Amino acid sequence: MKTIQELFDPTKQLDRRIESVVTFADNTAESLGKEIKEYVVTDKLRVNYNKVIGKIEEGFSDTANEVGIWVSGFYGSGKSSFAKYLGYSFQQSLLIDGVSFGEKLMSRIQDDTLKTFHKTLIQKFNPLVILIDLSTQARAGKVSPVSDIIYYETMKLLGITSCDDPKILEFVLLLKEHGKFTEFCELIEEKENKKWADVQNNKVIANIYAAKYAPIVLPEYFTLKEDFLNLKIDSIENEADRWKRVKKMVKEVTNHDKIIYVLDEVGQYVASDVNLILNVLPKSTVKVPVTGLVCDGTEYIDPITKEAHIISSLIPSTWTWTTTVAGVAADTIYQFEITPIVAPALL
């Protein structure tokens, strides 16, 4: 008589650890390797991977508007894993045991036509992939508009600065645009015996040093340190200009023309704040190569706000394509146009 172990894959121990919930935080090659090995692609998932990848291709084309996708479902329905694996599948540099994560995912989907199409898309567009877990932003006490978070996280990824203080970020960008950043860092090290990289995340110290040395490195903009201290930065700046800058910097730093943003836990983050909910919607009119994929669970919104109509009236009504998504629950994917750039997305 066979043992229970012999009835299953002999290479997998029955007492092995399997994560009950997939999160964006587990992003090491080792963690992703274990996750994708356990990933089971149902027929419904296979259909939706086909649909969403097709929509991403449309968003990347020069003639189309950008595409945003909202993945919604109950706890454990597979929305986070769907978005996470789809996003990472476009990241060529992510290797698991010498094989790209995209190839690993396609081997689980087992659709030769989709595999070829997916590989062709990566070779043609080679997008930059940025995954953001909004639940970590919420735990950190941040209630910034979603588009601001995407902007600051992109700047961090590009190595502009790890500080999320808007004034410091804009100051560092100004320094780099004028070729003064190295001089500024050298001044900090020489005069303060500190490295800018070590103090930039301390908003108080960073602002003190910026104000002190701004008149020296950028005298055309700052005559006195008070000029910097009294400067007010409006976080709701012109979206068109801001995202034109993002596009330009992404190209300069990474040589990528396309970006994919994947956001998780949008519902938990926006909660009952209507302004934050609205901020997840498209708002600029500038054409930027962004495809949006927002992953979220409605169960985080409804119990908290007790007003499901906020989502049903503000969001789905503006989006054009719906389909049942993958997991076990009654999940839904909404597609919407982000004619400009926006808060939700993948790009």
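Criteria and cut-off values
- Residues numbered from 1 in each chain as written.
- Predicted model: local features only at pLDDT ≥ 70, side-chain atom pairs only at ≥ 80, totals over all residues.
- Heavy atoms only, no water.
- pLDDT = per-residue confidence, 0-100.
- Helix = DSSP H or I, 4+ residues; strand = E, 2+ residues; numbered from the N terminus.
- Contact = heavy atoms within 4.5 Å.
- Phe/Tyr/Trp six-rings, centres within 6.5 Å; stacked < 30°, edge-to-face > 60°.
- Buried < 20%, exposed > 50% of the residue type's maximum accessible area, 1.4 Å probe, protein only.
- Pairing = 2+ DSSP bridges.
- Axes fitted to C-alpha atoms, helices over the stretch in contact; angles between N-to-C directions.
- Parallel < 35°, antiparallel > 145°, perpendicular 65-115°, else oblique.
- Left-handed = near helix turned anticlockwise from the far one by under 90°.

Put simply, the protein has an average pLDDT of 75, and 67% of its residues get 70 or more. Per-element averaging of pLDDT across the protein places helix H17 (residues 302–305) at the bottom with 35 and helix H10 (residues 181–192) at the top with 96. Confidence drops under pLDDT 50 across residues 281–292; counting only partners more than four residues distant or on other chains, this segment forms 70 contacts. Note on residues 294–347: pLDDT under 50 across the span, and 207 contacts to partners over four residues away in sequence or across chains.

It is worth spelling out unusual backbone geometry at this point. With a phi close to 55°, Asp97 is a non-glycine residue in the positive phi region. Its place among the elements puts Asp97 in the loop between strand S2 (95–96) and strand S3 (99–100). For Asn126, which is not glycine, the phi dihedral falls at a positive 40°. Along the chain, the position of Asn126 falls in the loop between helix H6 (112–125) and strand S4 (128–133).

Another aspect to go through is the packing of aromatic side chains. As enumerated under the stated definition, the model contains 10 aromatic pairs in all. With a centroid separation of 6.1 Å and 70° between ring planes, the pair formed by Phe171 and Phe222 is classed as edge-to-face. Pair noted here: Phe171 is in helix H9 (residues 166–177) and Phe222 is in the loop between helix H12 (203–217) and helix H13 (225–229), with a separation of 51 residues, a long-range link. The same class applies to Phe171 and to Phe222, which are both buried.

Here the focus is the pairing of strand S5 (residues 259–264). Along any regular strand, the residues point their side chains to alternate faces of the sheet. Most of S5 is tucked away, with six of its six residues classed as buried. Here S5 shows two buried faces, one formed by Ile259, Tyr261 and Leu263 and the other by Ile260, Val262 and Asp264. As judged from the six bridges shared by S4 and S5, these two strands associate in the parallel manner. Its bridge partner being in S5, Val129 is matched across the sheet by Ile260.

Looking now at the packing of H10 against H12. Running from N to C, H10 and H12 point in directions that differ by 120°, and their axes come no closer than 10 Å. For the element pair H10 / H12, the angle class is oblique. The interaxial crossing formed by H10 with H12 has right-handed handedness. Along its contact with H10, which presents Glu183, Phe184, Leu187, Ile188, Lys191 and Glu192, the element H12 presents Tyr209, Ala210, Lys212, Tyr213, Ile216 and Val217.

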